[in-house]
Amino acid sequence: MSVDSAPHIAPAGRSLPPVLDVVVPVYNEEKDLALSVHRLHSHLSEHFPFSFRITIADNASTDATPRIAAELASELTGVTAMTMVQKGRGRALQAAWSRSDAQVLAYCDVDLSTDLAAMLPLVAPLISGHSDLAIGTRLGRGSRVVRGAKREFISRAYNILLHGALAVRFSDAQCGFKAIRADVAERLLPLVEDTGWFFDTELLVLAERSGLRIHEVPVDWVDDPDSRVDIVKTAVADLKGVFRVGRALATGRLPVQELRGQLGRGALTGPDVAGVPRGLPGQLIRFAAIGVVSTLAYLVLYALMRGPLGAFNANLVALVVTAIGNTAANRRVTFGVRGGAAAAAHHFQGLVVFGLGLALTTAALAALKEWAPEAGRVMELIVLVAANGVATILRFIAFRSWIFRPRRRVTAGPQEARP
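Because the structure is predicted, anything quoted here is derived from the model rather than measured.

(A) The pairing of strand β4 (residues 79–84), seen in detail. Extensive coverage of β4 is indicated by the burial of five of its six residues. Note: strand β3 (residues 52–59) against β4, six bridges, orientation parallel. Counterpart to Asn59 in the pairing with β4 is Met84. Crossover β3 to β4 through helix α2 (residues 65–75) is right-handed.

(B) Looking closely at the nonpolar core. Judged by nonpolar contacts, the single largest core of 42 residues is most densely connected at Trp97, Leu133, Leu162, Phe170, Ile180, Leu188 and Leu203. Among the elements that take part in this core, helix α7 (residues 199–209) stands out by supplying six residues, more than any other. Filtering out sequence-adjacent residues up to four positions away, Ile180 remains in contact with Trp97, Val104, Leu105, Leu126, Asp132, Leu133, Ala185 and Leu203. Within the second largest apolar cluster, 38 residues are counted, among which are Val24, Val110, Leu122 and Leu126.

(C) Broad picture of the packing of aromatic side chains. One pass over the structure, following the stated rule, counts three aromatic pairs. Between the aromatic rings of Phe48 and Phe50, the centroid separation amounts to 5.6 Å while the plane-to-plane angle is 65°, which identifies the pairing as edge-to-face. Plain terms: the ring middles of Trp97 and Tyr107 are 6.3 Å apart, the flat faces sit at 55° to each other, and that makes the pair tilted. Taken together, the residues span a long stretch of sequence, with Trp97 in helix α3 (residues 89–99) and Tyr107 in strand β5 (residues 104–108) at a distance of 10 residues. Here the two residues Trp97 and Tyr107 agree in accessibility, since each one is buried. Members of the aromatic cluster, each reached through a chain of ring pairs, are Trp97, Tyr107 and Phe199. Of note, Arg138 hangs over the ring of Trp221, and the distance from its end group to the ring centre comes to 4.8 Å.

(D) Examining the environment of Phe396 more closely. Topologically, Phe396 is positioned in helix α13 (residues 377–403). By relative accessible area, Phe396 is classed as buried at 9%. Considering only alpha carbons, one finds Phe396 and Val353, 43 residues apart in sequence, at a separation of 9.7 Å.

(E) Inspection of empty space enclosed by the protein at higher detail. Under the defined criterion, the tally for this structure stands at four cavities of 30 Å³ or more. Ser294, Leu319, Thr322, Asn388 and Arg395 are the residues nearest the centre of the largest cavity, which is lined by 15 residues in total. Put simply, the parts of the chain that give the lining of the largest cavity at least two residues each are α10 (280–309), α11 (311–334), α12 (343–371) and α13. Residues of the lining of the largest cavity, tallied by class, amount to six nonpolar, eight polar and one charged. The space that makes up the second largest cavity amounts to roughly 70 Å³. Lining the second largest cavity, in full, are Trp97, Tyr107, Leu133, Ala134, Ile135, Lys178, Ala179, Phe199, Asp200, Leu203 and Leu204. Contributions of two or more residues to the lining of the second largest cavity are made by β6 (133–137), β8 (177–181) and α7. When residues of the lining of the second largest cavity are assigned to their parent elements, the largest contribution, four residues, is made by α7.

(F) Structural detail: the environment of Thr362. Position of Thr362 among the secondary structure elements: in helix α12. Separated by 51 residues in the primary sequence, Thr362 and Ala311 have C-alpha atoms spaced 9.3 Å apart. For Thr362, the contacting residues outside a window of four places in its chain are Phe312 and Asn315.

(G) Quick peek at the packing of helix α5 (residues 149–165) against helix α8 (residues 231–251). The N-to-C vectors of α5 and α8 enclose an angle of 5°; their axes lie 11 Å apart at closest approach. Considered as vectors, α5 and α8 are oriented roughly parallel to each other. For the pair α5 and α8, contact is made by Lys150, Ile154, Tyr158, Leu161, Leu162 and Ala165 and by Ile231, Asp238, Leu239 and Val242, respectively. Its residues assigned to classes, the contact of α5 with α8 comprises eight nonpolar, no polar and two charged.

(H) Spotlight on unusual backbone geometry. With phi around 50°, Asn28 is a residue other than glycine that occupies positive phi space. Mapped onto the secondary structure, Asn28 falls in the loop between β2 (20–26) and α1 (33–47). Note on Asn28: relative accessible area 17%, which makes it buried. Backbone geometry at Ala60 places phi at a positive 65°, although glycine is not the residue there. Structurally, the position occupied by Ala60 is in the loop between β3 and α2.

(I) α1, seen in detail. Spanning 15 residues, α1 covers 21 Å between terminal C-alpha atoms, matching the ideal 21 Å at 1.5 Å per step. Those residues of α1 lying buried are Leu33, Ser36, Val37, Leu40, His41, His43 and Leu44. Buried residues in α1, looked at end-on, bunch into an arc of 160°, giving them a common side. α1 presents Leu35, Glu46 and His47 as exposed residues on the side facing more than 90 degrees away from its buried surface. Of the surrounding elements, those touching the buried residues of α1 are β2, β3, α2, β4, β5 and α4 (119–128).

(J) Quick look at the side chain of Thr322. By the element assignment, Thr322 lies in helix α11. You can call Thr322 buried: its relative accessible area is 11%. When neighbours within four sequence positions are excluded, Thr322 is seen to be in contact with Ser294, Ala297, Tyr298 and Leu301.

Each value, and the rule that gives it
- Residues numbered from 1 in each chain as written.
- Predicted model: local features only at pLDDT ≥ 70, side-chain atom pairs only at ≥ 80, totals over all residues.
- Heavy atoms only, no water.
- Buried < 20%, exposed > 50% of the residue type's maximum accessible area, 1.4 Å probe, protein only.
- Helix = DSSP H or I, 4+ residues; strand = E, 2+ residues; numbered from the N terminus.
- Pairing = 2+ DSSP bridges.
- Right-handed = clockwise from strand over helix to strand, strands pointing away.
- Core = buried A, V, L, I, M, F, W, Y, C linked by side-chain atoms within 4.5 Å.
- Contact = heavy atoms within 4.5 Å.
- Phe/Tyr/Trp six-rings, centres within 6.5 Å; stacked < 30°, edge-to-face > 60°.
- Lys NZ or Arg CZ within 6 Å of the ring centre and 35° of its normal.
- 1 Å grid on protein atoms, 1.4 Å probe; cavity = no way out; pocket = protein on both sides within 12 Å on 5 of 7 lines; lining within 4 Å.
- Points joined across faces, edges and corners; volume = space filled by probe spheres on them.
- Nonpolar A, V, L, I, M, F, W, Y, C, P; charged D, E, K, R; others polar.
- Axes fitted to C-alpha atoms, helices over the stretch in contact; angles between N-to-C directions.
- Parallel < 35°, antiparallel > 145°, perpendicular 65-115°, else oblique.
- Expected span 1.5 Å × (residues − 1).
- Arc of directions from axis to C-beta.

The structure is reproduced here in structure tokens:
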């Protein structure tokens, strides 16, 4: 890799690291490069209130692109050029961002399809420290996009795939208009393997799973009719990337938990909703899902054992088995308790709560036999489901307020307090 640079000159005449470094990755762009860089440089000079650098990152062009990039670096203050010997947009961004000394790193496609008025809204949250990454989105509310139906369909289909396969929350992975804080990039870039078009997606997935905040800016975007991207080849590579990243997340090969602890933003200290304890809505959803599975398992076990064991014994065995599984699942999934510490105590307390459920369901069966001795199996199941519903509500209250209630930490005394 060779670097031909013209250093940024600060207003005071000293050479200082810029606040923003905008990388323009290029491959065989001799036709549009000069016009686009002049336009970008003019916009930043006139409308961007912070110091900046433009880095032209050529990835193995075979036309006059490297020569034109070097001329632009000599001509325009704050423009640098670097040439890669291997092709790959992701590889070019990785190299340019890794060598930059700017506080915020960004990139935009050379066709400047995205309106440059979005540049300041893109990077301002990173400069202020409010967010860790920022992306332009063509799929968010307020975006204005001009492109053909084919590319619109492909873009939306790809993002739907990401939401389904990798459970991402960001809206647009492919818009060529993104930024990242340099300190965050230093930690994430070594973990990004892709060197092509999937680079953006892999970086965003890794950032989101690490608990970083991604800021989205609705953009005005006009499709470049002269785009030479091989859609089929890119789509196949993206699918392979989705599979590879999904497998790495599933197997724990990516250290997202470690990154979350070091870089991720912690939970809010106040309640999420006025009057509702923090975490309650999510706990209710997870508890309900586990409850549905437990109830189905209970009904299946009861139906299988009702004949040989009788109603009361079948009810007892089915409740014991599902109660143990329910306690274990809620311990880990609903209330986030990990490890073996206090596991025995939690299961003992869970059996105490189970006793309440057993008493309710046994009483319900006894009442049914007393009041409707001719009732069939279907009515038995209906009564048991109703009794289990009441027991489930009481179980959640016990889990949250007694068994898995967070214990208060003992705070340091005055002599141990930080100065």
